[in-house]
Each structure stands twice: as C-alpha cells, then as structure tokens.
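A structural walkthrough
What follows is each chain in one-letter form.
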Amino acid sequence: MADTSTRTVERALLLLGTVCDRGSVTLADAARDAGLSASTALRLLRTLEGTGFVRRDDDGYRPGMRVVQLGAQALSHESLVSLAEEALERLVDSTGESAYLNVPSHDGHGIYLSVREGTHSVRHTSWVGRSIPLEGSAAGAVLRGRTGEDGFVVVSNGIEPDVTAIAAPVISGGHVVAALSVVVPSYRITDDGARRIGRQVAAEAAGILTPPPTNTPPTNESTSPGAQT
C-alpha cells in the first residue's frame, strides 16, 4: 500500500513539474512527458486542479495559484525580503513615503512582509505581518493579476480611508509572486504625483528578481586578427 501511495505521489509530482515547465500543456502532452496513460494523467490532474496546484483553461492545464503562493512563500521567508530591501529604501528616499512588500497567503489574503517607513512626520506606520483582503486594495489587485497597462495600480480609500496606495507586481517565471507598494496620505498626493510614483514603483518591482546585466568587456576590433588598420 505504501509503495502504491508513493508511486501516486511521484506521478502527481511529475505531472505538476511538466505543467510548470511548459507553462501550458494539453492532457496528451502532459501524459506523454510524464510517461503516463491519458486516463491516469487525467485522474491526477483533476486532483491537482481540485487542490489549486493546476488550473484548466481552453488551452489545457496551467500552474495554479497554490503553486504561485508556495513559491512566493518560499522566497518570502528570506530571499525575497532581502532582495527587496534596496528597492524599498530607494522608494522611501525618492518619495518620502512608506514602502511595503506584500505576498499572497493560502487563505486568499495578502500578507505584508517588509516595510520601510516614510520620512514625513505624518506617515503610514508598519503593517508587517498584517493580513489584508485582496479585494479593494492596490496590492490585492496586483496579486490577482489586475495590473493595468501602465504597470501599476492606484487605489484611494481602499483598506483605510484617506490613504492612497500605489502598487506594482514582482514577477517570477511569468507569475506575480509579490506586490511592491507605496502608501501615502491622500491629502498629500495628486493624480500626477500618483502616476509619477507608480512609474517608480513599477521600475523597482521589475528589478527585484531580475539579475543585473553582465558587463561584457568591449571588443577592440582594431587589435583583433585580420582587422583593418
């Protein structure tokens, strides 16, 4: 019985790996890649779908939000917070406002993982560890994949009255794993100011999980073999 259960888990993990590797895969391709019959693959994929590890659409099967959440939580424990530190500090330096890092939790909420408090005497104070509903918040919209064409979301009077939040997605492997945000008292910001900060937040969020470019020494063609002088 134990061997059977172990083999079932192994097959399910193989299928999940196939879905994650491909991004989108049909039942036939998933079964072939995992070396399973179509009926076995379908049964296991339905189980994975029911637990949120995969989702099904018109094109086949894709990674589900549970995979994204687990990945974000794995990053968030140490590395994601560490990687976001400089971005948070730069946002505070350039705006004077409090900056936050938020990730999705398994219960459909968002959790604030890290904060750099603003420099103004009136500022949004630390919410680290606090859970918030995704509905009605800028970070929640971002975590749900509802970022607009500008690359950021602005919400006024969302979770708190008289507060404006501006958030942008942190993306890994094509999935939103976190939201970077700046929170401002609404009386201190205009629409133009919100857009300006939004562009800054989006730029910083885009760079958190993107490795810096490798500096390649320039080629001196004048000294290369066969070069014309």
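First things first, this report covers the structure right here in the doc. (Residues numbered from 1 in each chain as written. Predicted model: local features only at pLDDT ≥ 70, side-chain atom pairs only at ≥ 80, totals over all residues. Heavy atoms only, no water.)

1. Some thoughts on the packing of helix α2 (residues 27–34) against helix α3 (residues 38–50)
Contact pair α2 / α3: the axes reach a minimum separation of 9 Å and the direction vectors enclose 105°. Viewed along their axes, α2 and α3 adopt a mutual orientation that is roughly perpendicular. For the pair α2 and α3, the contacting residues are Leu27, Ala30 and Ala31 in the first and Ala38, Ala41, Leu42 and Leu45 in the second. Here the contact of α2 with α3 is built from residues that sort into seven nonpolar, no polar and no charged. (Axes fitted to C-alpha atoms, helices over the stretch in contact; angles between N-to-C directions. Helix = DSSP H or I, 4+ residues; strand = E, 2+ residues; numbered from the N terminus. Parallel < 35°, antiparallel > 145°, perpendicular 65-115°, else oblique. Contact = heavy atoms within 4.5 Å. Nonpolar A, V, L, I, M, F, W, Y, C, P; charged D, E, K, R; others polar.)

2. Brief notes about the environment of Ser105
Tracing the backbone through its elements, the reader meets Ser105 in the loop between β3 (98–104) and β4 (109–116). The sequence separation of Ser105 and Ser131 amounts to 26 residues, and the corresponding C-alpha distance is 8.4 Å.

3. Some points on the sheet that holds strand β8 (residues 175–185)
Ordered in space as β5-β4-β3-β8-β7-β6, the six strands form an open sheet in which the pairing is antiparallel. For this open sheet the edge positions go to β5 (131–133) and β6 (153–156), each flanked by a neighbour on one side alone. Across the sheet, the mean angle separating the axes of adjacent strands is 35° when strand polarity is ignored. Across the sheet, helix α5 (residues 79–95) lies against β3, β4 and β8, angled at about 150° from β3, the strand it touches most. Against the sheet, helix α7 (residues 191–208) makes contact with β6, β7 (163–172) and β8, and its axis sits at roughly 25° relative to β7, the strand it touches most. (Pairing = 2+ DSSP bridges.)

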